[in-house]
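# Per-entry structural report
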Amino acid sequence: MVTKNSLTLNMEDFYQPHSGQAYIHSVDSNIKVLHMGRRYGKSRLALWELIMTYIKAQEFEPLRDTIPAFHAWVVAPSQPQATQAWNEMKALVPTPLRRGPPREDDRQIILGHPDITVGKGLRMDGLIEVKSAHLPESLQTVGLDFMWVTEAQDISDAAFEKLLPTLRSPGRMSKAVFEGIPPTYNDHWFQRVFNVAEREQDGYFSYKATSFENPFLTTEDKAVIEMDKELLPERVWRRMYLAEFSDESGYFTNVQAC
């Protein structure tokens, strides 16, 4: 709960997760690695992981001279995809948690509001930035409390090599959500991290879900997804909607037989 001038601001007014999303939120792991079919609701889930991490951050005292006190990145594979993430952020981050309007030029949202308190009091300099991974050299030099990597299957290994150290800074919460459909080869960083999480490495959590496990999809929605079987190669359809990893989901077929 968030209070405003002694009044309660109910976060359920902004977000009501379905059962799968709620379960993921309940898991206390630093890095959550999600293989999910299209239309499962992974973007909304990841955004609220970010917001809930910000609220939880109020319980901790940041290191002295840590600027900003809370720092989060939303990272997309390309500029067009970053624009989509930015539009979602502007629409879905609750206005009462913002300090001023979104900064369009820098794609930044400042968190904190003078009339809102959470626990001991909301930090006034929380910062969310939307980034594109198409220039890996730009993804460094900072320490992050939270990182949301969207469409992780399309982000290069070179970009991930720059991103990972941002979660290793002292005094930061170092939380992350990596989400997307499975990549097309086993040595992609997203698959490697998923494999680590699947082995229940300490601090890592993996979760896999198909599109059909989103209870908010209607019968008509599911019928359209089924119809896509006639338009897509089966290996592609299974990757997109069933979140199945396969060496044959990319350019080459008959890999297992060979």
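Bear in mind that the values here come from a model prediction, so they are computed numbers and not experimental data.

The helix and strand tally for the protein chain stands at seven helices and ten strands. Here the protein chain holds 258 residues, and 48% of them are scored as buried. Within the protein chain, counting contacts between residues at least 6 apart in sequence, those at least 24 apart form 67% of the total.

As summarised here, the arrangement of the seven strands in space is E5-E7-E4-E8-E9-E3-E10, forming an open sheet in which the pairing is mixed. A single partner strand is all that each edge strand has here, and the edge strands are strand E5 (108-111) and strand E10 (204-209). Neighbour to neighbour, the strand axes of the sheet diverge by 15° on average, direction disregarded. Where strand E4 (residues 70-76) meets strand E7 (residues 126-132), seven bridges bridge the pair, whose relative direction is parallel. Each residue of the ladder has a partner; that of Val75, found in E7, is Lys131.

What follows concerns helix H1 (residues 19-26). Among the residues making up H1, those that are buried are Gly20, Gln21, Ile24 and His25. Across the axial projection of H1, the buried residues extend over an arc of 140°, all falling on one side. Exposed and facing more than 90 degrees away from the buried side of H1 are Ser19 and Ser26. Packing partners of the buried residues in H1 comprise strand E3 (31-36), helix H2 (42-57) and E10.

This next bit is on unusual backbone geometry. What is expected of a backbone is that most residues other than glycine have negative phi and most peptide bonds are trans. Backbone geometry at Arg39 places phi at a positive 75°, although glycine is not the residue there. Mapped onto the elements of the fold, Arg39 is located in the loop between E3 and H2. For Arg39, a relative accessible area of 43% gives the class partly exposed. Phi at Ala243 is positive, roughly 55°, even though this residue is not glycine. Along the polypeptide, Ala243 turns up in the segment after helix H7 (234-242). Judged by its relative accessible area of 1%, Ala243 falls in the buried class.

Side chains of E5 alternate between two faces, with Gln108 and Ile110 and Ile109 and Leu111 buried alike. Sheet analysis places E5 next to E7, joined by four bridges and oriented antiparallel. Within E7, the residue paired with Ile110 across the bridge is Leu127.

Time to look at the packing of H1 against H2. Across the interface, H1 lies against H2 with an axial gap of 11 Å and an inter-helix angle of 35°. Between H1 and H2 the crossing geometry is right-handed. Every residue of H2 that contacts H1 at Gln21, Ile24 and His25 is listed here: Arg44, Leu45, Trp48, Glu49 and Met52. Of the residues that constitute the contact of H1 with H2, the class distribution is four nonpolar, two polar and two charged.

Let us now look at the pattern of salt bridges. Following the criterion strictly, the structure yields 13 salt bridges and no others. With a shortest N-O distance of 2.9 Å, Arg38 and Glu151 are connected by a salt bridge. Of the two residues, Arg38 is situated in the loop between E3 and H2 and Glu151 in the loop between strand E8 (146-149) and helix H4 (157-163); the sequence distance between them amounts to 113 residues. Accessibility expressed as a relative area gives 23% for Arg38, which makes it partly exposed. Classification of Glu151 as buried rests on a relative accessible area of 18%.

E4 sits mainly inside the fold: seven of its seven residues count as buried. What you see with E4 is no split at all: Phe70, Ala72, Val74 and Ala76 on one side and His71, Trp73 and Val75 on the other are buried throughout. As paired strands, E4 and E8 are joined by four bridges and run parallel to one another. Bridge pairing in E8 places Trp73 opposite Met147.

Quick notes on the rules
Residues numbered from 1 in each chain as written. Predicted model: local features only at pLDDT ≥ 70, side-chain atom pairs only at ≥ 80, totals over all residues. Heavy atoms only, no water. Helix = DSSP H or I, 4+ residues; strand = E, 2+ residues; numbered from the N terminus. Buried < 20%, exposed > 50% of the residue type's maximum accessible area, 1.4 Å probe, protein only. Contact = heavy atoms within 4.5 Å. Pairing = 2+ DSSP bridges. Axes fitted to C-alpha atoms, helices over the stretch in contact; angles between N-to-C directions. Arc of directions from axis to C-beta. Left-handed = near helix turned anticlockwise from the far one by under 90°. Nonpolar A, V, L, I, M, F, W, Y, C, P; charged D, E, K, R; others polar. Salt bridge = Lys/Arg side-chain N within 4 Å of Asp/Glu carboxyl O.

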